[in-house]
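Each chain, written out:
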Amino acid sequence: MIVLGVESSCDETGLALYDTERGLLSHALHSQVAMHEAYGGVVPELASRDHVRRAIPLLEQVLADSHTDLSAIDAIAYTQGPGLAGALLVGASVANGLALALDKPVLGVHHLEGHLLSPLLSATPPEFPFVALLVSGGHTQLMCVDGVGAYTLLGETLDDAAGEAFDKSAKLLGLGYPGGPAISRLAEYGDPEAYQLPRPMLHAKTLDFSFSGLKTAVLTLVKNHHTHLCEQDKANIARAFVDAIVEVLVAKCLSALKQTGMKRLVIAGGVGANVQLRQSLNAAAAKKRFDVFYPELALCTDNGAMIAFAGAMRLQRDPAAARYEYAFNVRPRWPLHELQPAQTS
Ligand code: KG4
Ligand code: ZN
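Read on for an overview of the structure. Every value quoted in this text rests on a predicted model; they were computed, and no experiment measured them.

## Here we look at the sheet that holds strand S5 (residues 106-110)
Alright, step 1. With mixed pairing, the five strands of this open sheet are ordered in space as S3-S2-S1-S4-S5. For this open sheet the edge positions go to strand S3 (23-31) and S5, each flanked by a neighbour on one side alone. The average angle at which neighbouring strand axes cross in this sheet is 20°, direction not considered.
Alright, step 2. Of the strand pairs in this sheet, strand S4 (residues 75-81) and S5 are connected by five bridges, and their pairing is parallel. In the strand pairing of S5, Ile76 is matched with Val106.
Alright, step 3. Each of strand S1 (2-7), strand S2 (12-19) and S3 is contacted by helix H2 (residues 44-65), which is oriented at about 30° to S2, the strand it contacts most.
Alright, step 4. Helix-sheet contacts for helix H10 (residues 305-317) involve S1, S2, S3, S4 and S5, and the interaxial angle to S1 is about 135°.

## Comments concerning the layout of surface pockets
Alright, step 1. Taken as a whole, the second largest pocket holds about 230 Å³ of empty space.
Alright, step 2. What lines the second largest pocket is a set of 17 residues, and nearest its centre among them are Leu107, Gly108, Arg314, Leu339 and Gln340.
Alright, step 3. Take the lining of the second largest pocket: its biggest share by element is four residues, from S5.

## As for the nonpolar core
Soluble, globular proteins show a tendency: their nonpolar side chains are buried together.
Alright, step 1. Ranked by internal contacts, the top residues of the largest apolar core, which has 50 residues, are Leu197, Phe211, Phe241, Ile245, Leu265, Ile267 and Leu281.
Alright, step 2. Listed by contribution, the elements that provide at least two residues to this core are strand S6 (130-135), strand S7 (140-147), helix H5 (162-172), helix H6 (179-187), helix H7 (212-224), helix H8 (231-260), strand S9 (264-268) and helix H9 (275-288).
Alright, step 3. No other element matches H8, which puts 15 residues into this core.
Alright, step 4. In contact with Leu281, other than residues within four places in its own chain, are Val250, Cys253, Leu265, Ile267, Phe290, Val292 and Tyr294.

## Digging into the site of ligand 1
Alright, step 1. Residues in contact with ligand 1 amount to 18 residues; listed here are only the nearest, Gly137, Asp167, Gly270, Asn274 and Asp302.
Alright, step 2. In this structure, an oxygen atom belonging to ligand 1 sits 3.2 Å away from a side-chain N or O atom of His111.
Alright, step 3. The fraction of the free accessible surface of ligand 1 (560 Å²) that becomes covered by protein chains is 86%.
Alright, step 4. Ranked by residues supplied to the shell around ligand 1, first place goes to H5 with three residues.

## Considering the pattern of salt bridges
Alright, step 1. Applying the stated criterion across every chain, the model contains twelve salt bridges.
Alright, step 2. Here Asp19 makes a salt bridge to Arg22, at a shortest N to O gap of 2.8 Å.
Alright, step 3. Residue classification places Arg22 among the exposed residues on the basis of a relative accessible area of 59%.
Alright, step 4. Across the pair Asp50 and Arg54 runs a salt bridge, and its minimum N-O distance is 3.3 Å. Taken together, the residues Asp50 and Arg54, both in helix H2 and four residues apart, mark about one turn of the helix.
Alright, step 5. Of the residues examined, Arg54 reaches a relative accessible area of 30% and is grouped as partly exposed.
Alright, step 6. Through salt bridges that share partners, Asp160, Glu164, Lys168 and Lys215 make up one connected network.

Cut-offs applied
Residues numbered from 1 in each chain as written. Chains lettered and ligands numbered in written order. Predicted model: local features only at pLDDT ≥ 70, side-chain atom pairs only at ≥ 80, totals over all residues. Heavy atoms only, no water. Pairing = 2+ DSSP bridges. Helix = DSSP H or I, 4+ residues; strand = E, 2+ residues; numbered from the N terminus. Axes fitted to C-alpha atoms, helices over the stretch in contact; angles between N-to-C directions. Contact = heavy atoms within 4.5 Å. 1 Å grid on protein atoms, 1.4 Å probe; cavity = no way out; pocket = protein on both sides within 12 Å on 5 of 7 lines; lining within 4 Å. Points joined across faces, edges and corners; volume = space filled by probe spheres on them. Core = buried A, V, L, I, M, F, W, Y, C linked by side-chain atoms within 4.5 Å. Buried < 20%, exposed > 50% of the residue type's maximum accessible area, 1.4 Å probe, protein only. Near = heavy atom within 4 Å. Polar contact = N/O pair within 3.5 Å; in protein donor to acceptor, adjacent residues only side chain to side chain. Areas by Shrake-Rupley, 256 points an atom, 1.4 Å probe, with all protein chains shown as cover. Salt bridge = Lys/Arg side-chain N within 4 Å of Asp/Glu carboxyl O.

Written as structure tokens, this is what we have:
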């Protein structure tokens, strides 16, 4: 079965073809980062309009790259939510319009389920069950994953998401948007002894997170600096920030593994691309003897491959999930725990 995946929940248009027998056939992505950069963040209306421009050329690209004919597509999966309403509507329209024209079924996919399952696309995929840390621009959640759709929330952020903390702190240091990769690169040159930032909720009994205080601590450091921040000062603050957030994320993962008795940890979402987080988790995994799995770097941030894959997983387990009615809605707010486990056929 060949599934076309369409992702358009935020500022990336992603299309991909996943074959349940041959694996990922092709995927193509257009990032709108350059367009939104001037505004310091995503402008929803501009995002929607750009998805309109990019979707069909990207479809043509994935078909050409994999030498696949449009008629070979068996089903179309699209991101139904959560995300920006206008942006989601573009992907949903493209998917439903195409499915109607091709007389093929459609399926709305939960964006976070896409992220969660994306490590299964890598060369050494994890087996179920596992603990998953989902760290993206909009979400920070620890979950117990027993199978496709069987997700139990263990803990989540009470305020800012991890990616949001990276982006906001980077902005305070004048690093532009999105700040995650930039603050991470700068931190490499920072002196770890220069500043100490708080580790929010490190010793709390729950598996919840809180990152807004960390961002405020960065703001205070920047404000208290009476002279102009030189590059080394910025690198030192970046280092303090990265050390603090990584320590909290790793500690909570270890607690989640201990609490569930599991030995497999999966990291998903944009912040999963972070090198300091990966280094620290790898060191902890070697020391505490558990296995840690990441999506391929290109599939950490938003992409169509994870949507095609999540759609294919659901359709394989529950063929009745395929929809031949092309009226659609999107769900800009959609808690992951509302998802039902996929039926096993
Ligand atoms: O998963 P994603 O592409 O989109 C959402 O669903 O939100 O995640 C984007 C987030 C942004 O906040 C971005 O700054 C962060 O992931 N990010 C990183 C890195 N690469 C992306 N944060 C830290 N280090 C990185 N290397
Ligand atoms: Zn995402």
